[in-house]
Amino acid sequence: YGVRLVGTGARSTRIRVNRNFTGLTTTGAIRLGRGDIPIFGTTVEDLMVECNGYASSVGIYSSDVYDNSGVRNVLVNGFRGYGIRFNGAGGTFGSVSGFFLENIECYKAAFDGVSGIGISLEAGSFGALLKRLSVAGAVSNGLAVGIKLVDFVGYLENIGADIAGTTGVLFDTGSSGGITG
């Protein structure tokens, strides 16, 4: 409860992973929560996560984020799987809710052709605050989907999805809401 990982800025504090990091493709370079209890007031703020273009890499992952937990002022660079993935189905309670993503930039590595997802919110994502999200692929190596929402109910404000294959924002199964700005 209430753990904060805070840097001095998204372009001045960098966490860089290496290929030997075992959780990089499953639970991310940074994981919020343990997978067995919900977390409250836990944040990652003001830093860069550098995935170094490693295959299937995930920048930030959680199956446990709840009220007042989330990610703010963060840049995820060089991912190949997901920039940010919140998947409630991966946790004990089967949902994530009341979290925030604000001032986020996710940039895919320039590999693999069209693949990867900038931000994926899955399995019972509701009550979330999603503002100023920017995701981008690389020329000739775009994202398969910019932002993917599954069983998500809510609104997104000020969204940018560049070089994102054919789908910038996907409201998938069980999702409803809208985009403003």
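Here's a quick rundown of the structure. (Residues numbered from 1 in each chain as written. Predicted model: local features only at pLDDT ≥ 70, side-chain atom pairs only at ≥ 80, totals over all residues. Heavy atoms only, no water.)

### Examining the pattern of salt bridges
Where we set the bar: Salt bridges are identified by distance alone: a Lys or Arg side-chain nitrogen within 4 Å of an Asp or Glu carboxyl oxygen. The helix and strand labels rest on DSSP assignments: H or I over at least four residues marks a helix, E over at least two residues marks a strand, and numbering proceeds from the N terminus. Throughout, exposure labels follow a simple rule: accessible area from a 1.4 Å probe, protein chains only, divided by the maximum for the residue type, with under 20% read as buried, over 50% as exposed, and the rest as partly exposed.
With the rule as written, the count across this model stands at 8 salt bridges. Between Arg80 and Asp112 there is a salt bridge, and its shortest N-O distance comes to 2.7 Å. Highlighted residues: Arg80 in the loop between strand E6 (70–79) and strand E7 (82–87) and Asp112 in the loop between strand E9 (100–108) and strand E10 (117–122), separated in sequence by 32 residues. A salt bridge links Arg132 to Glu102; its shortest N-O distance comes to 4.0 Å. Residue Arg132 is found in strand E12 (residues 129–136), and its partner Glu102 is found in strand E9; the two are separated by 30 residues along the sequence. Glu102 sits in the buried class, given a relative accessible area of 11%. Taken together, the shared-partner salt bridges connect Arg4, Glu45, Arg72, Glu102 and Arg132 into one network.

### Some points on the sheet that holds strand E5 (residues 58–62)
Two orientations exist for strands paired in a sheet by backbone hydrogen bonds: parallel and antiparallel. The criterion, for reference: Here the rule is simple: two strands pair whenever DSSP picks up at least two bridges between them. Helix axes are fitted to C-alpha atoms over the stretch in contact, other axes to C-alpha atoms as well, and angles between N-to-C directions run from 0 to 180 degrees.
Strand order in the open sheet formed by 6 strands is E3-E5-E7-E10-E13-E15, with parallel pairing between adjacent strands. Looking along the sheet, the strands with just one partner apiece sit at the ends: strand E3 (30–32) and strand E15 (167–171). For this sheet, the mean inter-axis angle between neighbouring strands, taken without regard to orientation, is 5 degrees. Here E3 runs beside E5; their pairing, made up of 3 bridges, is parallel. From the neighbouring strand, Arg31 faces E5, where its bridge partner is Tyr61.

### Things to note about the environment of Ala128
Here Ala128 is to be found in the loop between strand E11 (125–126) and E12. It is 8.7 Å that separates the C-alpha atoms of Ala128 and Asp67, two residues lying 61 residues apart in sequence.

### Side note on the packing of aromatic side chains
Note the cut-off: Pairing of aromatic rings covers Phe, Tyr and Trp, the last through its six-membered ring, and needs centres within 6.5 Å; plane angles under 30 degrees mean stacked, over 60 mean edge-to-face, and all others mean tilted.
Summed over all chains, the structure comprises 2 aromatic pairs. Note on Phe86 and Phe99: the rings are 5.1 Å apart at their centroids and 80 degrees apart in plane angle, and the pair reads as edge-to-face. With Phe86 in strand E7 and Phe99 in the loop between strand E8 (96–97) and E9, this residue pair connects regions lying 13 residues apart in the sequence. Residue classification places Phe86 among the buried residues on the basis of a relative accessible area of 0%.

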